Structure formats: structure tokens, C-alpha cells
Amino acid sequence: MSTSHIRIEGLRKTFPAPRGGVAVTVFDQVWFGIEKGEFVCLIGHSGCGKTTLLNILAGLDESSGGGIVVNGKEITGPSLDRAVIFQHHALLPWLTVMGNVAFAVRSRHSGWDNAKVRAHCQKYIDLVHLTGSEMKKPSQLSGGMKQRVGIARALAIEPDILLMDEPFSALDALTRGSLQDELVSICAATQQTSFMITHDIDEAILLADKIVLMSNGPEARVCEIVENTLPKGRTRKDMHRHPHYYPMRNHLLEFLVNRANSFKTELSDPGYDPMHPPVTRPGVGQPAARPIDAPGDPLPEAKTAGR
Ligand SMILES: Nc1ncnc2c1ncn2[C@@H]1O[C@H](COP(=O)(O)OP(=O)(O)OP(=O)(O)O)[C@@H](O)[C@H]1O
């Protein structure tokens, strides 16, 4: 049996059909684990059930079969141990930046006095670079700043796991890039266990230790778990130079363009076991690609990212 910190075990979700039609099983037999301190991304086409899975993990929805075990206990509802950052910031419009973060902190630490709450909130407001904007209301903030408040609010309750549903998809490319950089440094500093849905392959390669690939619905499954073979400490500016970048990128793209849809044929392969989806490490053991900044250099060896 898996000993992962978070275990998704045989999860199934069926939605009843409206007005007596045929019920739809969005996904079934979904199994994977998330280790403590790990950053896991979930990739799959629209409608395969990513948000539904995240909602079940958050305790905001119920599964129709299977379960999720966190720290050895099956989850049965929402908990402050699992904070969610949504695609749209979901801030309370009548409260300031400080007020929004403090609202969450007070729900976690009802016994703390105002000074302690403020000091704690300030630490996370500073962490997301909103120092000086504490007294602004959401209507006075840009989209990126609002999303930063959402991140500060989620981190300030010091959750066991941070759940993110395409948190940067509504932002322009520049803002998205700078928030991705901030998330990289925050997660590196705090070792925050994180689970994120994204449609952005480069975002997944930058952030994730492990990328879970889901086939198209209905009855979506986990096709594969892709281990990120780029070294930790990678940045948006340099990751494309690493010899494993294009093998990783091409593998994920090939999945989205072809395999996500045709996976039902792979399902019948006797070697496929939904309890133990195949684990791949793109680039490892393959001839190395030439890094693009060193046209004259000899090709580097494809290194095994020794785990
Ligand atoms: N409350 C509901 N009742 C009935 N069907 C639902 C409900 N919520 C979601 N669905 C259906 O479940 C399927 C999966 O929805 P979900 O939002 O989880 O997909 P997704 O992979 O997150 O999609 P996207 O990438 O577009 O956000 C969809 O077909 C959707 O219509």
C-alpha cells in the first residue's frame, strides 16, 4: 500500500443526469499519491474532471466511489489544512488586503489578539510583495495583485496542502510569469505541499516535481505520472536551455495532442494498472538535446536525476 502523504485511492465521480437521463461518470479508478513538500500539477483536457477532483480534495464535493486519505485519515469535508486558490480571486470586496488575509487567519487562530494577527498577516503580505497596499480594497488592485492577496490568504493559514485551480490563467503573460516566479521561490522556501491544475505546459515544467496526466472524459483515468527531470532551482529564463526541457515539453504536448484522446486503446493494454499508472522520466536515458546557448559545445550527457 502507498505511504504517500496524500493518497487518491480509486476515486470516481458520477454526476446524475438532469431529468432522468443517463448518469455520467466523469472519472473512475483514479489513483496517485502526493508526497510531503511535493509540487504536483494535473494536466488534462477540458471536461476530464480536474476541477471536480480538486473540489473533492478540498472537501467541497463528495466522491461517488473511492476516497482520499491525508496523513492517514480519510477526508470527509473542508478543512483549514487544505487551502484553495481559485482561478478568480474570490476576495471579500468590502475588506482591505489586510482585512482579507486577517479574516482567514482569525478563522484559523481564534484566540490570537489583533497585534498577533496583524504581524502574522504582514509576513505573508510582504512575501507576495504587496507591502504598502495593506489598506487597499480589491477594487483598487490589479488582477495580479488580487491573485497575490489570494496566495497570501491561502499561505497565511499555513495549510498542510495548497490547492490551486488554474490560479494564473486569467492574468496577462507578464503578470503570470512574475507570479510563477514568486510561487517557485515561496515553495522552495516553505516546502509547501502543493497541487495545481494547469493547461500551461511550461508552467507545469517550471513548478512541478511530478505531473499527473489525465485522459479525456467521460471515464477519464490517470494515463501516466511524469517525473520532472529538470533540476530544482530552474527558472523561467533558463529552463529551456536544459537538455531535458524539449523531451519533457514534447512528451506533454504529445499527450495533449494525441494520447489524451486515444488513451482508451492503451487502457486495454494488460500492462496498464490504474492503481499503479506508468511513471515516465522524459529525457533520461535518451540522447541529449543540444542546449541552445552553446552551439559549438559538445553535447552534454543526459544526466539521470538520481532519485
Ligand atoms: N455539478 C455538476 N453537475 C453535473 N455535471 C457536472 C457538475 N460539475 C461538473 N460537471 C461535469 O463534469 C465534467 C467535468 O467538469 P470539470 O469542471 O471538473 O472539468 P475540468 O477538467 O476541470 O474542465 P476545465 O478544464 O474546462 O475547467 C464536465 O463534463 C462537467 O459538465
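Keep in mind that what you see is a predicted model, and the values were worked out from it rather than measured.

> Sorry, what's going on with the packing of helix α4 (residues 143-156) against helix α5 (residues 173-190) here?
Pairs of packed helices are described in terms of their axes, by the angle between the two and the distance that separates them. Packing of α4 against α5 leaves a shortest axis separation of 10 Å and a crossing angle of 20°. The orientation of α4 relative to α5 falls into the category roughly parallel. Handedness of the α4/α5 crossing: right-handed. Each of Gly-144, Gln-147, Arg-148, Ile-151 and Leu-155 in α4 lies in contact with α5, whose residues at this interface are Thr-175, Ser-178, Leu-179, Glu-182 and Ile-186. When the residues that make up the contact of α4 with α5 are grouped by side-chain class, the tally is four nonpolar, four polar and two charged.

> It is not clear to me how the pattern of salt bridges should be interpreted in this structure. Could you clarify?
Pairs can form between side chains of opposite charge whenever their charged atoms are close. All chains considered together, the criterion is met by 13 salt bridges. Between Asp-61 and Lys-13 there is a salt bridge; the shortest N-O distance is 3.1 Å. Of this pair, Asp-61 sits in the loop between α1 (50-58) and β4 (65-70) while Lys-13 sits in strand β1 (residues 6-15), placing them 48 residues apart in sequence. The partly exposed category is assigned to Asp-61, whose relative accessible area is 25%. On the accessibility criterion, Lys-13 (8% relative accessible area) is buried. Between Arg-108 and Asp-81 there is a salt bridge, with its nearest N and O atoms 3.1 Å apart. Residue Arg-108 is located in helix α2 (residues 97-108), and its partner Asp-81 is located in the loop between β5 (73-74) and β6 (82-85); the two are separated by 27 residues in the primary sequence. You can call Arg-108 partly exposed: its relative accessible area is 27%.

> Please explain the UniProt feature "domain: ABC transporter" (unreviewed entry) in the protein as it appears in this structure.
Taking the UniProt record as the reference, the feature "domain: ABC transporter" (unreviewed entry) is found at residues 6-241. Secondary structure across residues 6-241 comprises 31% helix and 25% strand; the distance between its end C-alpha atoms is 33 Å.

> Any chance you could explain the site of the ligand here in plain terms?
Near the ligand, the surroundings consist of Phe-15, Val-26, His-45, Ser-46, Gly-47, Cys-48, Gly-49, Lys-50, Thr-51, Thr-52 and His-199. At 2.9 Å from an oxygen atom of the ligand is found a main-chain nitrogen or oxygen belonging to Thr-51. Within the side chain of His-199, one N or O atom sits 3.4 Å away from an oxygen atom of the ligand. In isolation the ligand offers 640 Å² of accessible surface; the protein chains occlude 54% of this area. Class assignment for the residues of the shell around the ligand results in three nonpolar, seven polar and one charged.

How each quantity is defined
Residues numbered from 1 in each chain as written. Predicted model: local features only at pLDDT ≥ 70, side-chain atom pairs only at ≥ 80, totals over all residues. Heavy atoms only, no water. Axes fitted to C-alpha atoms, helices over the stretch in contact; angles between N-to-C directions. Helix = DSSP H or I, 4+ residues; strand = E, 2+ residues; numbered from the N terminus. Parallel < 35°, antiparallel > 145°, perpendicular 65-115°, else oblique. Left-handed = near helix turned anticlockwise from the far one by under 90°. Contact = heavy atoms within 4.5 Å. Nonpolar A, V, L, I, M, F, W, Y, C, P; charged D, E, K, R; others polar. Salt bridge = Lys/Arg side-chain N within 4 Å of Asp/Glu carboxyl O. Buried < 20%, exposed > 50% of the residue type's maximum accessible area, 1.4 Å probe, protein only. UniProt positions renumbered as here; feature names shortened; annotations may be inferred. Near = heavy atom within 4 Å. Polar contact = N/O pair within 3.5 Å; in protein donor to acceptor, adjacent residues only side chain to side chain. Areas by Shrake-Rupley, 256 points an atom, 1.4 Å probe, with all protein chains shown as cover.

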